[in-house]
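# Analysis of the macromolecular model
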Amino acid sequence: MDELARLGVAALVGEYHSVVARSAAARADALGLPFLCSSGVIDALTEQPTDWVARLAPAQSHGWQIYADFLLGAGHSRIAVAAEPSVYWASGARILRDHLAPRGGTVVELDMRALTPTAVCDELVASRATALLLLVGNPEPAVPIVKSVRGDQRLAEILIGAPAGQPEFAAWATSLGDDGAAIPFLRYLPDRLSPLGVRVETALRERLAEAPSFVAFEGYDAVAVLADVLRSHGVDRARTAAAWPHVAVEGTRGMIRFSRTPGISVWQWVWAAVQVVDRDPADLDRFRVLHAA
């Protein structure tokens with residue numbers, strides 16, 4: 001961030017990972033550098049309210065509460081989370097716990113610093129959890145955990161979930177094969193793309209030789225928004241930051257506008273569509289929509 005600021009960039013766009021986005025947003029705020037966050041979802045993107053940062057992705061509390069509602073609707077009220085130490089995973093576990101508890105749900109946390117994938121299976125049996133959520137990195141240790149749980153006959157009925165979206169990517173299916181199916185995750189797509197979205201999907205599919213992930217649409221929308229702002233307001237950093245509340249851009253997933261939202265410290269699109277989907281066991285390249293909001 002410091003190097004790009006010294007180079008004189010007008011604005012920055014990104015970032016795929018919430019923890020990285022949080023660091024980038026804090027530095028952008030300190031430097032007075034406009035930053036459009038495309039994919040990072042963690043609620044506290046900056047510690048204090050800022051006018052320099054805007055975000056396209058839904059806040060983690062919004063998406064993960066929808067995921068919790070999906071779990072309850074599917075009959076899962078005793079949830080285990082296999083978690084690594086991270087501000088992002090800790091935030092996710094807290095959102096789930098706070099949303100499930102008033103509705104009769106419980107969350108049992110399994111510390112992946114201390115447990116092997118085999119030990120995770122033993123803990124799941126002892127906890128009587130009916131769902132295991134992967135709040136861990138991919139491929140390690142997510143892939144070994146899935147293989148271990150899928151191979152344990154004691155856990156044949158347990159649901160494995162990955163709210164952060166690890167199963168979205170082709171490498172997941174390559175690593176796990178059939179074991180990677182039927183693992184629900186969050187993605188930020190509507191039931192139907194806008195006409196622009198359809199055109200972008202076609203173009204990306206041709207270039208990638210496969211269907212684009214939802215992250216591709218986040219990236220395209222971020223570039224479209226930033227291009228519109230720079231065309232309309234020029235490259236002065238202060239003018240760019242002042243333009244966030246005036247954005248009205250057609251994106252691949254609908255009209256994009258930013259507003260102030262309680263509990264969110266940056267300019268926020270309220271909200272991109274949220275789906276809970278999984279890979280179809282009958283066709284790993286096909287995604288089934290299980291829940292939408």
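Residues numbered from 1 in each chain as written. Predicted model: local features only at pLDDT ≥ 70, side-chain atom pairs only at ≥ 80, totals over all residues. Heavy atoms only, no water.

Each helix and strand counted, the chain has ten helices and 14 strands in total. For the chain, whose C-alpha radius of gyration is 20 Å, the value lies close to the compact-globule estimate of 19 Å for 293 residues. Taken over the C-alpha atoms alone, the chain extends approximately 60 × 40 × 35 Å along its principal axes. When burial is assessed residue by residue, the chain has 50% of its 293 residues classed as buried. (Helix = DSSP H or I, 4+ residues; strand = E, 2+ residues; numbered from the N terminus. Rg over C-alpha atoms; globule rule 2.2 N^0.38 Å. Buried < 20%, exposed > 50% of the residue type's maximum accessible area, 1.4 Å probe, protein only.)

Here we take up the side chain of Gln 275. With respect to the helices, strands and loops of the structure, Gln 275 is situated in strand β13 (residues 275–280). Looking at Gln 275, the relative accessible area reads 2%, which means it is buried. Engagement of the side chain of Gln 275 in a polar contact is seen with the side chain of Arg 187, the distance being 2.7 Å. At 3.3 Å, the side chain of Gln 275 forms a polar contact with the backbone oxygen of Pro 190. Residues within four places of Gln 275 in sequence aside, it is in contact with Phe 185, Leu 186, Arg 187, Leu 189, Pro 190, Asp 191, Val 289, His 291 and Ala 292. (Polar contact = N/O pair within 3.5 Å; in protein donor to acceptor, adjacent residues only side chain to side chain. Contact = heavy atoms within 4.5 Å.)

Further remarks concern helix α8 (residues 195–208). Here α8 contains 14 residues, and its C-alpha end-to-end distance of 20 Å stays within 8% of the 20 Å for a straight helix at 1.5 Å per residue. Looking at α8, one finds that the buried residues are Leu 196, Gly 197 and Val 200. Considered in projection along α8, the buried side chains sweep an arc of 90 degrees and stay on one side of the axis. Facing away from the buried surface of α8 by more than 90 degrees, the exposed residues are Pro 195, Arg 199 and Glu 206. Buried residues belonging to α8 abut α9 (214–233) and β9 (249–251). Trailing α8 by a residue or two, Ala 209 shows a phi angle of about 60 degrees, which is positive. (Expected span 1.5 Å × (residues − 1). Arc of directions from axis to C-beta.)

Looking now at the environment of Ala 44. Here Ala 44 lies in the loop between β2 (35–37) and β3 (53–55). Owing to a relative accessible area of 32%, Ala 44 belongs among the partly exposed residues under this scheme. Distance from Ala 44 to Val 87, taken between C-alpha atoms, is 9.9 Å for residues 43 residues apart in sequence.

Moving on: the pattern of salt bridges. Going through the model one piece at a time under the given rule, you end up with eleven salt bridges. For Glu 109, the salt bridge is made with Arg 97, and the minimal N-O distance between the two is 3.2 Å. With Glu 109 in strand β5 (residues 106–111) and Arg 97 in helix α4 (residues 87–100), this pair connects stretches of sequence that are twelve residues apart. For Arg 205, the salt bridge identified is with Glu 201, shortest N-O distance 3.8 Å. Taken together, the residues Arg 205 and Glu 201, both in helix α8 and four residues apart, mark about one turn of the helix. Taking the relative accessible area as the measure of exposure, Glu 201 reaches 26% and is therefore partly exposed. Each of the salt bridges in this network shares a partner with another, and the network as a whole consists of Asp 122, Asp 152 and Arg 154. (Salt bridge = Lys/Arg side-chain N within 4 Å of Asp/Glu carboxyl O.)

A separate point is the packing of helix α3 (residues 60–73) against α4. Here α3 crosses α4 at 50 degrees, and the two axes come no closer than 9 Å. The orientation of α3 relative to α4 falls into the category oblique. The crossing of α3 and α4 is right-handed. Listed contacts from α4 to Gln 60, Ser 61, Trp 64, Gln 65, Ala 68, Asp 69 and Leu 72 of α3 are Tyr 88, Trp 89, Ser 91, Gly 92, Ala 93, Ile 95, Leu 96, His 99 and Leu 100. (Axes fitted to C-alpha atoms, helices over the stretch in contact; angles between N-to-C directions. Parallel < 35°, antiparallel > 145°, perpendicular 65-115°, else oblique. Left-handed = near helix turned anticlockwise from the far one by under 90°.)

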